[in-house]
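Structural overview for review
The residues making up each chain are set out below.
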Amino acid sequence: MANLTSLLTVGGAEDVALGVPGGATFTYRRLRELVDEASESLAAAGVQPGMRVAMAFPNGPEAIIFFLAAATVATACPLNPGYTETEFRYYLEDIGAQFLLVPPDDGAAARKGRPSTARLLNAEISDDGKLRMAPTSTLPRKREREKTLPLDDDVALVLHTSGTTSRPKRVPLRHRNLAASVENIVASYELTPADVSLCIMPLFHVHGLVASALAAFASGGSVVVPKQFAPLGFWPIARDVKPTWFSASPTPHQLIVMRGHEDRPPGTERLRFVRSCSAALAPALMAVMEQRFGVPVLEAYGMTEASHQMSSNPLPPGPRYPGSVGVGTGVEIAVLDEQGTALPAGATGQVGIRGPNVIDGYENNPDANATSFINGWFLTGDQGTLDAAGYLRLLGRLKELINRGGEKIAPREIDEALESHPAVKEAVAFGVSHPTWGEEVAAAVVVERPVTEKELQAFCRQSLADFKVPRHIYIVEAIPRTPTGKVQRRFVAEQFAPK
């Protein structure tokens, strides 16, 4: 598969491709028909190759069908439906959206933020599984309209980086990038037509879209997409659909585990594995998850610029290691020095990747491209180490390293030390300004039972050098996160550090 047009051809015509709990079920035959209908409707509305088609849908069949349709005839640009009017205006103008798809009776912020250059289309899949789009056409509909398939080099999807250290950058993902990533994921987890993926991650992000949905289609398996997912509803849905796997970031995993009180509860009968990605998974949480689900928990490493997955811990009998994001999955990974030279096993440096799933460059951003590529490697911005077996361990974002008097401290090391305390549920370390040292170590923690700052500091001294021990520990109710579950340490610092 070199582009996404063949994505839906693996599954049998009458096999279930997509299901919505409490809603419609779509066979592969019907899903292909709907994607073709949506593609034709977009073309009839004036969409042409190369145009940018933005969309703001909650999880559900629309997010998948209109993405595939837009990627077939133009370029799809899914946006978070929870954005404010100001955010919609920024992103729609930044991508140069010429069309905006929204649900007929929803999307008020997107409608208000729509620039005059973007034409509005109301689009939905009805409860009985039929496509509706209005206004229907600005061009005469021709039954014999020539269908032009996208080329492998055509941009199928444009997303933005999370913008944790700078303004969001546009990431153009070509058909060949996405196809390579999907094939890597299918191979990594040995996905087959017998598999059922329960998609609980947002479909406007590569984690949910590429891993949970597109990879499942590429294997001929089924995807179940709750329209309104909440952790409280996970177990009832799992009991009904009996997934064989699901993927999420650590926060949903934590919430799901909290809402189950027995090991191997109903809904886990067919599980083969559980996948975790998009943020670091605490080893303690991994152990609880494996106990609760009774299957391997496989931590993976992904980013938008790599069309999602870059590495993963393997299925058994391959070893999996808590705290590691596994080995490269169809992607070459190295730890590099500042000159872009690969370092030996065990050395610490910046993680570099290369492979067919990796972008050629950011869109219209020569400065970012100049600093993001070296000697053929894409620089991830993450600091890490590789062991002799090729297992990657991430230490933190380079721009988030804490510089205390010249000592570079990886915040993830502090997180893990704090999270090993039995009272700590979650921890996020960050740097705060200090008049003498430049930066000092601080941390925010969520606890499960009362504990004092001094107790936690004393506990850290058992495993950390004194200069790494947080001088300030803020006990908080929750850690702020992005909609996709990522922790932005600088934002956490702004929220909790003294002004």
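1. A short note on helix H2 (residues 61-73)
- Over its 13 residues, H2 extends 18 Å from the first C-alpha to the last, a length consistent with the 18 Å expected when each residue adds 1.5 Å.
- Burial analysis of H2 places 13 of its 13 residues in the buried class, the great majority of the element.

2. Describing the sheet that holds strand E15 (residues 308-312)
- On the basis of which strands lie adjacent, the open sheet formed by nine strands has the order E2-E1-E11-E10-E12-E13-E14-E15-E16 and mixed pairing. Two strands bound the open sheet, and with one partner strand each, they are strand E2 (25-27) and strand E16 (327-328).
- Note: strand E10 (residues 196-199) against strand E11 (residues 222-224), three bridges, orientation parallel. Among the inter-strand pairings, Leu198 is bridged to a residue of E11, identified as Val224.
- Across the sheet, helix H1 (residues 28-44) is in contact with strand E1 (16-19) and E2; its angle to E2 comes to roughly 90°.
- The sheet strands contacting helix H9 (residues 283-293) are strand E12 (245-248), strand E13 (273-276) and strand E14 (297-303), and the helix crosses E14 at an angle near 125°.

3. Brief notes about the packing of aromatic side chains
- Overall, the coordinates contain 16 aromatic pairs when judged by the stated rule.
- The interplanar angle of 75° and the centroid separation of 5.0 Å between the aromatic rings of Tyr90 and Tyr91 together place this pair among those described as edge-to-face.
- Tyr91 gets classed as buried once you look at its relative accessible area, which sits at 12%.
- Ring geometry for Phe246 and Phe293: centres 5.5 Å apart, planes at 70°, overall edge-to-face. Placement of Phe246 in strand E12 and of Phe293 in helix H9 is noted, with a sequence separation of 47 residues between them. Exposure class is identical for Phe246 and Phe293. Each is buried.
- The positively charged end of Lys169 is found above the aromatic ring belonging to Tyr362, 5.3 Å away from the centroid.
- The ring of Trp437 carries Arg404 above its face, with NZ or CZ at 4.2 Å from the centroid.

4. Some words on the pattern of salt bridges
- One pass over the structure, following the stated rule, counts 26 salt bridges.
- In this structure, the salt-bridge partner of Glu416 is Arg412, at a minimum N-O distance of 3.5 Å. Taken together, the residues Glu416 and Arg412, both in helix H11 (residues 411-419) and four residues apart, mark about one turn of the helix. The pair Glu416 / Arg412 is uniform in exposure class, with both members buried.
- Shared partners join several salt bridges into a network, and the residues in it are Arg393, Glu400, Arg412, Asp415, Glu416, Glu419 and Arg489.

Conventions and cut-offs
- Residues numbered from 1 in each chain as written.
- Predicted model: local features only at pLDDT ≥ 70, side-chain atom pairs only at ≥ 80, totals over all residues.
- Heavy atoms only, no water.
- Helix = DSSP H or I, 4+ residues; strand = E, 2+ residues; numbered from the N terminus.
- Expected span 1.5 Å × (residues − 1).
- Buried < 20%, exposed > 50% of the residue type's maximum accessible area, 1.4 Å probe, protein only.
- Pairing = 2+ DSSP bridges.
- Contact = heavy atoms within 4.5 Å.
- Axes fitted to C-alpha atoms, helices over the stretch in contact; angles between N-to-C directions.
- Phe/Tyr/Trp six-rings, centres within 6.5 Å; stacked < 30°, edge-to-face > 60°.
- Lys NZ or Arg CZ within 6 Å of the ring centre and 35° of its normal.
- Salt bridge = Lys/Arg side-chain N within 4 Å of Asp/Glu carboxyl O.

The values reported here are purely geometric and, on their own, carry no functional implication.
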